[in-house]
Amino acid sequence: MRLFSTLLIGLSSGAIYSLMALALVLVWRSTRVVNFAQAGQAIASTYIGYLVISRTDNYWLALPVALVAGALIGALVDVALIRTLNKRVKSGPAAEMAPVIVTLGLLGLIRSTVGMIWGGDLKAYKAPVTNHGFTFGTTTIPFSPYNLLIVITAVIVMAVFSIIFQKTNLGLSLRAAAFQPEIARLAGVRVDLVRTIGWAFAGGAGAVAGVLVTPSNSLSPNSLDLLLVLGFVGAVIGGLESLLGAAIGGVVLGIGLAFILEYVSTSLAFPSAFIVLILVLLIKPSGILGKKGGRGA
Amino acid sequence: MSLIIENLTVRHGAITAIDSLSFRVNERELAAVIGANGAGKTTLLRTLSGLNEPIGGSVTWHGESILHTKPEDLVRRGILHVSDGKTVIPELSVKENLALGGLWRKDKKDVVVATDEVIDLFPRLGERLTQSADTLSGGERQMLAIGRALISRPKLLLLDEPSLGLAPLIIDQIFQTLDSLRHKLGLTVVLVEQNAMSALGIADTGIIINLGKLVTVGKSNDLKSDPNLRAAYLGY
Ligand SMILES: Nc1ncnc2c1ncn2[C@@H]1O[C@H](COP(=O)(O)OP(=O)(O)OP(=O)(O)O)[C@@H](O)[C@H]1O
Ligand SMILES: [Mg+2]
């Protein structure tokens, strides 16, 4: 029972890491930018969700509003910052480092803007279903209806992503533009536009992760920083290039962490993430779904 | 109605890859651009398809400038560039690579017709539709790249060394296919080649360039038999 319950808890937190990992992989593989600002984009979107909940008391309205806000913020970051930057700084070491510095700077900027608008104190909102664990006979496990809801929501988001990416024309353009932008262009794909749509999808996924995780923690301008790190670890475990890999990487990390916390040590979430990362990389250096040279869908 | 290039100059940093180059290709003509390594052939095609920005000169197609235009917009005007080497997207399936050629087109019925035509033309692609393009041989990749361009219903086809890395037998096949296609579809073609003999064999016009400058333009038959050119540029 303890084993099973640990697995379920890991699955639930892993589902959230997967969403964050997905957001990071989407941007990385299309733009080659390690997007530290994703934590900021997600926190801004989550605050917007919080605003909706505090006005309407309706979580189910807040989630899609935050998602759309996240998508718009993502698109804006690409158009206003990354696109301009890539046009100005084309080659050399600056071209590699500049976007990273810019996203780090943007993370700081968004955090302080959010702090100025909503204050630095902890905010909270309740989950739409209970966070109290399921009870079987006389035992209550930590896994709650809200955890179940997290898993279901994440699965739905990923299913929609996978349908868009694998079955639609937009998805084909997104993959072509990410894998071989020049050939995609020569085939008629509007690569700049498609990239911005990729950033929007990433922003949306990050926003959902933020809204889902917050009832279990609390909301402050930097409350999603740990999630960003865990999302990165999940993305690297998954091989950095593949959306399916990001999903699996997040879940592997979630379950690995849950087991370490349950059976080894209760206070080492942060170092444990890296233990899981190192273990996976020792076994398969290119990540679970990573290929040596190429990239997977 | 033709492709007119005047005083085109393109630089890569300090290197002038195309130096005040002028020539024209009439509609429905096949022009072979011949030159040694580093002559500027790829740069020329990349400039015609919008991938490289020139620093001077003009290029018009059907009387309208095509410079300073994005490749994806030129595709919509019927200008299709099949680049050298990496011509297909290896991470996508053969079917998806072909589909890219029709994604932007409004006439979806004709995309289906064009796709069927391409599969008739290259049955090897038809047998491998669900395979990843990564698994194709060099010749099959070239067929896939040309097939994808055909699905876009090109008017001006820019081909960069379609013979690169292929066995002589396959090269002959590709060139024969190209020759019959362009007559059937009324294509205007700029064919860049180091394989001068094969290229001039199917070309109307030959354009010989060296270090970014025009050496000579002429009927391909005349060029083939010019002993000076043969020794200096054609290598046979
Ligand atoms: N991206 C680039 N940066 C710097 N120099 C370049 C670049 N691309 C081409 N060049 C230079 O421009 C010149 C022309 O190159 P280009 O590739 O157009 O020649 P080519 O005729 O296609 O040669 P090949 O037959 O080897 O393909 C060469 O001197 C080359 O080194
Ligand atoms: Mg070349």
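Residue numbers restart at each chain and count upward from 1, following the sequence in its written direction. Chain letters start at A and ligand numbers start at 1, both assigned in the order the entries are written. With the structure being a predicted model, the display of local features is reserved for residues of pLDDT at least 70 and the display and counting of side-chain atom pairs for 80 or more, all residues being used for whole-chain, interface and lining totals. Side-chain figures throughout are based on the complete set of non-hydrogen atoms in the structure, without hydrogens or water.

**Q** Help me understand the layout of surface pockets, please; the structure alone is not making it clear to me.
**A** One simple way to see leftover space: roll a probe sized like a water molecule over the atoms. Put simply, the grid is 1 Å and covers the protein atoms alone, a cavity is a trapped set of points that fit a 1.4 Å probe, a pocket is an open set with protein on both sides within 12 Å along at least five of seven lines, and lining residues have an atom within 4 Å of a point. Grid points are joined across faces, edges and corners, and a volume is the space filled by probe spheres set on the points. By volume, the largest pocket amounts to about 1,300 Å³. Elements with a minimum of two residues in the lining of the largest pocket: helix 1 (2-31), helix 3 (59-88), helix 4 (93-118), helix 6 (169-179), helix 7 (181-186) and helix 8 (191-213) of chain A together with helix 2 (71-76) of chain B. The way it works is that DSSP assigns letters per residue, a run of H or I at least four long becomes a helix, a run of E at least two long becomes a strand, and they are numbered from the N terminus. With 4 residues, helix 3 of chain A is the single largest residue contributor to the lining of the largest pocket. All amino acids are sorted into three groups, where Ala, Val, Leu, Ile, Met, Phe, Trp, Tyr, Cys and Pro are nonpolar, Asp, Glu, Lys and Arg are charged, and the leftover types, Gly among them, are polar. Classifying every residue of the lining of the largest pocket gives 9 nonpolar, 6 polar and 16 charged. Roughly 630 Å³ of internal volume is contained in the second largest pocket. The element that contributes the greatest number of residues to the lining of the second largest pocket is helix 1 of chain A, accounting for 7 residues. Class assignment of the residues belonging to the lining of the second largest pocket gives a composition of 14 nonpolar, 10 polar and 1 charged.

**Q** So what exactly am I meant to see when it comes to the sheet that holds strand 4 (residues 56-61) of chain B here?
**A** Residues and elements named next belong to chain B. By the convention used here, strands pair only if DSSP detects at least 2 bridges between them. With antiparallel pairing, 4 strands are arranged side by side in an open sheet as 2-1-4-5. Strand pairing shows two members of the sheet lacking a second neighbour, strand 2 (15-26) and strand 5 (64-65), which therefore form its edges. Summarising the sheet, strand 1 (residues 2-12) and strand 2 pair through 8 bridges and their orientation is antiparallel. Along strand 2, the bridge assignment pairs Leu3 with Val25.

**Q** Would you take a moment to explain the domain arrangement of chain B for this structure?
**A** One widely used convention gives an interface's size as the accessible area the parts lose upon coming together. Residues and elements named next belong to chain B. Those domain boundaries reflect an automatic or database domain assignment. For chain B, the assigned domains are domain 1 (2-78 + 154-234) and domain 2 (87-144). Computed from C-alpha coordinates alone, the two centres of domain 1 and domain 2 are separated by 24 Å. Between two residues, a contact is recorded if the distance between any of their heavy atoms is within 4.5 Å. Domain 1 puts 10 residues into the contact, and the matching count from domain 2 is 7 residues. Two parts placed together each lose some accessible area; with a 1.4 Å probe, that loss summed over both constitutes the buried area. Between domain 1 and domain 2 lies a buried interface of about 680 Å² when both sides are counted; carbon and sulfur atoms form 77% of it. Two N or O atoms count as a polar contact when they lie within 3.5 Å, although within protein this holds only if one can serve as hydrogen donor and the other as acceptor, and sequence-adjacent residues are included solely when both atoms are side-chain atoms. Along the contact surface separating domain 1 from domain 2 lie 1 residue pair in polar contact (both at pLDDT 80 or more). With 5 residues, the top contributor of residues to the side of domain 1 that touches domain 2 is helix 7 (residues 168-185).

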